[in-house]
Amino acid sequence: MYTRSDSCPRRETAVAGGSGLIEIKDLAAKDELYGHARLFAQVTVHPGCSIGYHGHEHETEFYYILKGEAVFSDNGEETILHPGDISATGFGQGHGLENRTDSDVELIALIILE
C-alpha cells in the first residue's frame, strides 16, 4: 500500500489555544491506525504561530522535527528543538511548541494510545 502526498487530507486549525493557524497534513486516516494511535501527521508551524500548551492523559505524543527551529515547552521548561530532535509527552505531562523564527517549522506528530 502507498499514499500519494497530494491525496493526503490537509487542514488549517488553531491547536490548544496557540497563536495563528497550524497546517496539518494527515499521513494516515484514523481507521488506518487500528486503534493504536489517534494522529499521524506532518505539521507546519509558520513564523509567529504556536501549538498551545496542553496535556496528554492515557496517550503519548511524539514530535520529530524535520525543518526549522522550535521552542518546545516540556512541562513548562523551554528548550530549542532542531531537525532530527524528538520529543515525547505523555502520562499526565504537558507540552507546547512555538515558532519564534522567520522560517517555517515542520514536524511529524504521532499520538500513540495507552
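Rules of the game
- Residues numbered from 1 in each chain as written.
- Predicted model: local features only at pLDDT ≥ 70, side-chain atom pairs only at ≥ 80, totals over all residues.
- Heavy atoms only, no water.
- Helix = DSSP H or I, 4+ residues; strand = E, 2+ residues; numbered from the N terminus.
- Phe/Tyr/Trp six-rings, centres within 6.5 Å; stacked < 30°, edge-to-face > 60°.
- Buried < 20%, exposed > 50% of the residue type's maximum accessible area, 1.4 Å probe, protein only.
- Contact = heavy atoms within 4.5 Å.
- Polar contact = N/O pair within 3.5 Å; in protein donor to acceptor, adjacent residues only side chain to side chain.

## Describing the environment of Gly76
Mapped onto the fold, Gly76 is located in the loop between β6 (70–74) and β7 (77–81). Spatially, the C-alpha atom of Gly76 lies 7.1 Å from that of His95, the residues being 19 residues apart in sequence.

## A closer look at the packing of aromatic side chains
Per the counting criterion, the structure on display carries one aromatic pair. Arranged with centres 6.1 Å apart and planes meeting at 80°, the rings of Tyr63 and Phe72 form a pair that is edge-to-face. Each of the two residues, Tyr63 as well as Phe72, counts as buried.

## Focus: the environment of Asn99
Tracing the chain through its elements places Asn99 in the loop between β9 (94–98) and β10 (105–113). Through-space distance from the C-alpha of Asn99 to that of Cys8 is 24 Å; in sequence the pair is 91 residues apart. Filtering out sequence-adjacent residues up to four positions away, Asn99 remains in contact with Val45, His46, Pro47, Gly48, Cys49, Glu69, Asp104 and Val105. At a separation of 2.9 Å, a polar atom in the side chain of Asn99 contacts the main-chain carbonyl oxygen of Val45.

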